[in-house]
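# Chain and residue survey
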Amino acid sequence: MNTRCKEFVDYIVNYAPQHNKQVVENDVCAHFNLTKDRKVYHNEFFAVRFSYSKSASDSFSNTVLSLSALEKYDKIPFFVVLVRQPSTNLILLANTTFLKKISHSSQELSMTNIKGSFNGSDIMRDYDNKSNTTDNFDYLFAVHQGLDWEDNLSRLVDASSSIKPVNQKFIPSDAESKNIYESVSRAVDFISSDNFSVLKDDLNERCNKSRKEILIASHIENTNIRGRLIESLITSNDEERQHFINNLHNLEAALPSYDTKNGLGDYYREFNNGDTYTDIKTKVIYLNSNPKAYNVDKFLKQMADSRSIFLFFFIGVDENSIFKTLLCSVYHEKLIDNTILQFHWAGRNTRGVAQFNGIAIDEMLKEANFTNNICVDKAKAFLKQLLDR
């Protein structure tokens, strides 16, 4: 989380008034120059909803916020501060990743109809064996940043109602299963071919054309805008790229709206020995993050095509420069070892999502002589683990 978030959390825990919700709201909003939007107070760094309880308990059943209102702030840390009349203030992270379900009007909730509200009791107190407390907020928000709104919405639809989610588990045929396992050997063959160098040079040339703008973008706190901008700068043609550069002051309007339901990866290119899907990931090494790797069902469905090859183009950024790029197979041994499978998080009808341990990506970017190490047996065992879900 950014420094302003950490200052806010520290202030709530150690310095803010207590016991009286209105007094707490007035003091905190003045201290952090927050803007009020109905029940939410926010600035560009975080948003907060204040609630009140006459009890000293950590649990509360008050209605917190509508899901549609939360959507506006879900890309930045969203906190709930419970002002307890007989006790200290309680602060929880309440982005969509940390909601168990939607309690009110959930029968109307669907992927295309954002309805309903969540209660205090719907906020998870434990996620991935980490308690929802101040010591773990950095880790928890890093997890949340690696998940899409659509991923969380599908899970909440599944958990909150009897509506069948849009995203369904991919069940491959025998022929498709064979193709999935053979995608490992396709990857091995491709990275040892001349076309791997052609793709790598292509991506590096695109990166170099926007080197200055990518470095500027790397300092954007909003990870969604940062990622979309860098992807657009690399994958667009010269005319489109110039449009983004000319509109850096108005990014939300300039950037295209990506439909995360379509396909895999950001950059597609055909070769005579395979169709490549490359996902572009910018890794700012001084920021803590566990980036989303892929939706597991989308990944398996694409690998079921007999020509599909999936890669990641990692752009390593430090305080001063783009210091390294890597074109890396999804089956790289270190990536597999550092893939976090969010099975427990997923809805009943999907295999969930995969995230990467960001520290491992930092280490790969710092390797003096990087090579695509693929252990075929380990990669196939990993695929079996995914398919068996």
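Residues numbered from 1 in each chain as written. Predicted model: local features only at pLDDT ≥ 70, side-chain atom pairs only at ≥ 80, totals over all residues. Heavy atoms only, no water.

### Quick notes on the packing of helix α6 (residues 174–191) against helix α15 (residues 376–387)
So the rule is basically this: To obtain each axis, a line is fitted to C-alpha atoms, and for helices this fit is confined to the stretch in contact; angles are then taken between N-to-C directions over 0 to 180 degrees. In this description a helix means any DSSP run of H or I spanning at least four residues, a strand means any run of E spanning at least two, and both kinds are numbered starting from the N terminus. Take the far helix as the reference: if the near one is turned anticlockwise from it by less than a right angle, the crossing is left-handed, and if turned clockwise, right-handed. Every residue pair with non-hydrogen atoms within 4.5 Å of one another is taken to be in contact. Charged means Asp, Glu, Lys or Arg here, nonpolar means Ala, Val, Leu, Ile, Met, Phe, Trp, Tyr, Cys or Pro, and polar covers whatever is left, Gly included.
Interhelical geometry of α6 versus α15 gives an angle of 150 degrees and a closest axis separation of 9 Å. Helix-helix and strand crossings are classified by hand; for α6 and α15 the assignment is right-handed. Seen from α6, the contacting residues are Ile180, Tyr181, Ser183, Val184 and Val188; seen from α15, they are Val376, Ala379, Lys380, Leu383, Lys384 and Leu387. By residue class, the composition of the contact of α6 with α15 is 8 nonpolar, 1 polar and 2 charged.

### What to know about the sheet that holds strand β3 (residues 47–53)
Short version of the rule: Two strands form a pair only when DSSP identifies at least two bridges running between them.
Ordered by their spatial adjacency, 5 strands build an open sheet running β1-β2-β3-β5-β6, and the pairing between neighbours is mixed. Either end of the sheet is taken by a strand with one partner, and the two such strands are β1 (35–37) and β6 (90–93). Mean inter-strand twist for the sheet, computed between neighbouring axes without regard to direction, equals 30 degrees. Across 4 bridges, the pairing between strand β5 (residues 78–84) and β6 is antiparallel. Note on β6: the bridge partner recorded for Leu82 is Leu90. Most of the contacts of helix α1 (residues 3–14) go to β5, to which it runs at about 10 degrees, and overall it touches β3, β5 and β6. Strands in contact with helix α2 (residues 21–32) are β2 (40–42), β3 and β5; relative to β3, the strand with the most contacts, it is inclined by about 160 degrees.

### A short note on the sheet that holds strand β15 (residues 339–341)
Sheet architecture is open: 3 strands sit in the order β12-β16-β15, paired in antiparallel fashion. The open sheet has two free edges, formed respectively by β12 (292–295) and β15, since each of these has just one partner strand. On average, each strand axis in the sheet is tilted by 25 degrees relative to the strand beside it, whichever way the strands run. Summarising the sheet, β15 and strand β16 (residues 353–356) pair through 3 bridges and their orientation is antiparallel. Among the inter-strand pairings, Leu341 is bridged to a residue of β16, identified as Ala354.

### Quick notes on the packing of aromatic side chains
For the record, the criterion: Stacked, edge-to-face and tilted are the three classes for Phe, Tyr and Trp ring pairs, Trp counted by its six-membered ring, which pair at centre distances within 6.5 Å; planes under 30 degrees apart are stacked, over 60 edge-to-face, the rest tilted. Note on criteria: charge over ring means Lys NZ or Arg CZ within 6 Å of the ring centre, with the direction from the centre no more than 35 degrees off the ring normal.
All chains considered together, the criterion is met by 21 aromatic pairs. Ring centres 6.3 Å apart and planes at 35 degrees place the aromatic pair Tyr11 and Tyr15 in the tilted group. Note that Lys130 overlies the ring of Tyr139, its terminal NZ or CZ placed 5.3 Å from the centroid.

### A few points about the nonpolar core
General note: in soluble globular proteins, nonpolar side chains tend to be found buried as a group. Quick reminder of the rule: Throughout, nonpolar core names a set of buried Ala, Val, Leu, Ile, Met, Phe, Trp, Tyr and Cys residues whose side chains join them through atoms within 4.5 Å. To sort residues, take the accessible area from a 1.4 Å probe on protein chains only and compare it with the maximum for the residue type: under 20% means buried, over 50% means exposed, and anything in between is partly exposed.
In this structure, Tyr294, Phe299 and Tyr331 are the most contacted members of the largest nonpolar core, which totals 57 residues. Here this core gets 8 residues from one element, more than from any other, and that element is strand β13 (residues 308–317). Sequence-distant contacts of Tyr331, defined by excluding residues within four places in its chain, comprise Ile180, Ser183, Val184, Ala187, Phe299, Met303, Ile336, Asn373, Ile374, Ala379 and Leu383. Counting 30 residues, the second largest nonpolar core, distinct from the first, contains Val28, Val83, Leu93 and Met124.

### As for the packing of α1 against α2
When two helices pack together, their arrangement is given by the angle between the helix axes and the distance between those axes. Stated formally: For classification purposes, angles smaller than 35 degrees are called roughly parallel, those larger than 145 roughly antiparallel, those between 65 and 115 roughly perpendicular, and all remaining angles oblique.
Contact pair α1 / α2: the axes reach a minimum separation of 12 Å and the direction vectors enclose 150 degrees. Considered as vectors, α1 and α2 are oriented roughly antiparallel to each other. Here α1 runs over α2; the crossing is right-handed. Along the contact surface, α1 presents Arg4, Glu7, Phe8, Tyr11 and Ile12, while α2 presents Asp27, Val28, His31 and Phe32.

### Quick look at α1
Going by this rule: The span you would expect from a helix comes to 1.5 Å times its residue count less one. The definition of a polar contact used here is a pair of N or O atoms within 3.5 Å, where within protein one atom must be able to donate a hydrogen and the other to accept one, and adjacent residues in sequence count solely through side-chain atom pairs.
Over its 12 residues, α1 extends 16 Å from the first C-alpha to the last, a length consistent with the 16 Å expected when each residue adds 1.5 Å. One side-chain oxygen of the residue at the start of α1 lies 3.1 Å from the amide nitrogen of Arg4, identifying that residue as Asn2.

In short, geometric facts, not functional conclusions.
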